[in-house]
Amino acid sequence: DARVTQTPRHKVTEMGQEVTMRCQPILGHNTVFWYRQTMMQGLELLAYFRNRAPLDDSGMPKDRFSAEMPDATLATLKIQPSEPRDSAVYFCASGLGQGGFGNQPQHFGDGTRLSIL
Amino acid sequence: GENVEQHPSTLSVQEGDSAVIKCTYSDSASNYFPWYKQELGKRPQLIIDIRSNVGEKKDQRIAVTLNKTAKHFSLHITETQPEDSAVYFCAASWAGGGNKLTFGTGTQLKVEL
């Protein structure tokens, strides 16, 4: 059963440190999404890619967050420097976006639970 | 941009009863509407979805209805069981949105024995 793989599953670090989260989308999926989930804000879309090109990162604080897809099998989300308010669960999801009626479901990874002390 | 509203935010039902969660969307160009279930500490998982060319879809105890004119869609769970307890999210996407989903704020469903 194909799944989105995220690493690490848990990360605890001190404020000011760089955090890198990684995501391996399902093979063949051409869209990749990064979400942040907190109790207060629900599921927030941070950034997403189609065919490795960034389409929208308006949900991301650009002064400290960056998202990239160095290749089709890897997406990364970096925070530098990290702050306590960044503590949340970060989910990656992938899907097959074909437009029209061709949009397919997004499948989520298990998430990275991030705690910034 | 698209806006999705979801109600209620919490729902408590007795085991065996039905549960209904409702969502409204703002963009008439939206054409794909998935529902996700998220158990505590787990990832959101797709449970059912519907496209705008159909009005209803069923899968065992769950069903989704879509009213394009009113721009709302609903999740129906019949014969609820304790394992149905979770947070449910509705979402909407449109054809030109690159598969981007706009999520509702979630409904915490509790099925009581």
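From a predicted model like this one, the values you see are computed outputs, not experimental measurements.

### Points about the overall build of chain B
Inference 1: Looking only at helices and strands, one finds zero helices and 11 strands in chain B.
Inference 2: N-terminal to C-terminal, the α/β element order of chain B is β-β-β-β-β-β-β-β-β-β-β.
Inference 3: Computed over its C-alpha atoms, the radius of gyration of chain B comes to 14 Å, within 12% of the 13 Å expected for a compact globule of 113 residues.
Inference 4: On the principal axes, the C-alpha backbone points of chain B span a range of 45 × 30 × 20 Å.
Inference 5: Of the contacts made within chain B by residues no fewer than 6 positions apart, 54% connect residues no fewer than 24 positions apart.
Inference 6: When the accessible surface of chain B is split by element, carbon and sulfur atoms take 48% of a total near 5400 Å².
Inference 7: Seen as two clouds, the 12 positive and the 13 negative side-chain charges of chain B have centres 6 Å apart.

### A look at the nonpolar core
Inference 1: Within the largest apolar cluster, 23 residues are counted, with the highest numbers of intra-cluster contacts made by Trp35, Phe73 and Leu109 of chain B.
Inference 2: Looking at this core, the elements with two or more residues in it are strand S2 (10-14), strand S3 (19-25), strand S4 (30-38), strand S5 (45-51), strand S7 (62-67), strand S8 (72-77), strand S9 (86-94) and strand S11 (107-112) of chain B.
Inference 3: If you look at the next biggest cluster of nonpolar residues, it comprises 22 residues, including Trp34, Ala47, Met60 and Tyr90 of chain A.

### Structural notes on the pairing of S4 of chain B
Residue and element names in this part refer to chain B.
Inference 1: Taken across its nine residues, S4 has nine buried, putting it largely inside the fold.
Inference 2: Two elements, S4 and S9, share six bridges in a ladder whose sense is antiparallel. Bridging from a neighbouring strand, Lys37 pairs with Tyr88 of S9.
Inference 3: Sheet topology places S4 next to S5; six bridges connect them, and they run antiparallel. Counterpart to Trp35 in the pairing with S5 is Ile48.

### Let's talk about the sheet that holds S8 of chain B
Residues and elements named next belong to chain B.
Inference 1: The strand order across the open sheet built from five strands is S1-S3-S8-S7-S6, with neighbouring strands paired in antiparallel fashion. Taken across any chain shown, the strands that pair with only one partner, and hence form the sheet edges, are strand S1 (4-7) and strand S6 (56-59). Neighbour to neighbour, the strand axes of the sheet diverge by 15 degrees on average, direction disregarded.
Inference 2: With four bridges joining them, S6 and S7 adopt antiparallel strand pairing. Looking at S7, one finds that Glu56 is bridged to Thr65.

### Quick word on unusual backbone geometry
With the exception of glycine, most residues fall at negative phi, and the peptide bonds are largely trans.
Inference 1: A cis amide bond links Thr7 of chain A to the next residue, Pro8 of chain A, at an omega of -10 degrees.
Inference 2: Tracing the backbone shows Pro8 of chain A in the loop between strand S1 (5-7) and strand S2 (10-13).
Inference 3: Looking along the chain, the bond that leaves Gln80 of chain A and enters Pro81 of chain A is cis, with omega of -5 degrees.
Inference 4: Its identity is not glycine, yet Gln60 of chain B carries a phi of approximately 55 degrees, on the positive side.
Inference 5: Examined against the element boundaries, Gln60 of chain B turns out to sit in the loop between S6 and S7.
Inference 6: You can call Gln60 of chain B exposed: its relative accessible area is 78%.

### What to know about the interface of chain B and chain A
Inference 1: On the side of chain A, 26 residues touch chain B, which itself brings 23 residues to the contact.
Inference 2: Across the interface of chain B and chain A, roughly 2000 Å² is buried in total on both sides, 51% from carbon and sulfur atoms.
Inference 3: Broken down residue by residue, the surface that chain B buries against chain A is led by Arg43, Arg51 and Asn99 of chain B, which jointly contribute 31%.
Inference 4: Our enumeration of links across chain B and chain A arrives at two salt bridges.
Inference 5: A salt bridge links Arg43 of chain B to Asp110 of chain A; the nearest nitrogen and oxygen atoms lie 3.2 Å apart.

Rules used throughout
Residues numbered from 1 in each chain as written. Chains lettered and ligands numbered in written order. Predicted model: local features only at pLDDT ≥ 70, side-chain atom pairs only at ≥ 80, totals over all residues. Heavy atoms only, no water. Helix = DSSP H or I, 4+ residues; strand = E, 2+ residues; numbered from the N terminus. Rg over C-alpha atoms; globule rule 2.2 N^0.38 Å. Contact = heavy atoms within 4.5 Å. Areas by Shrake-Rupley, 256 points an atom, 1.4 Å probe, with all protein chains shown as cover. Lys, Arg positive; Asp, Glu negative; His and termini not counted. Charge placed at Lys NZ, Arg CZ, Asp CG, Glu CD. Core = buried A, V, L, I, M, F, W, Y, C linked by side-chain atoms within 4.5 Å. Buried < 20%, exposed > 50% of the residue type's maximum accessible area, 1.4 Å probe, protein only. Pairing = 2+ DSSP bridges. Axes fitted to C-alpha atoms, helices over the stretch in contact; angles between N-to-C directions. Buried area = accessible area lost by both parts, 1.4 Å probe. Salt bridge = Lys/Arg side-chain N within 4 Å of Asp/Glu carboxyl O.

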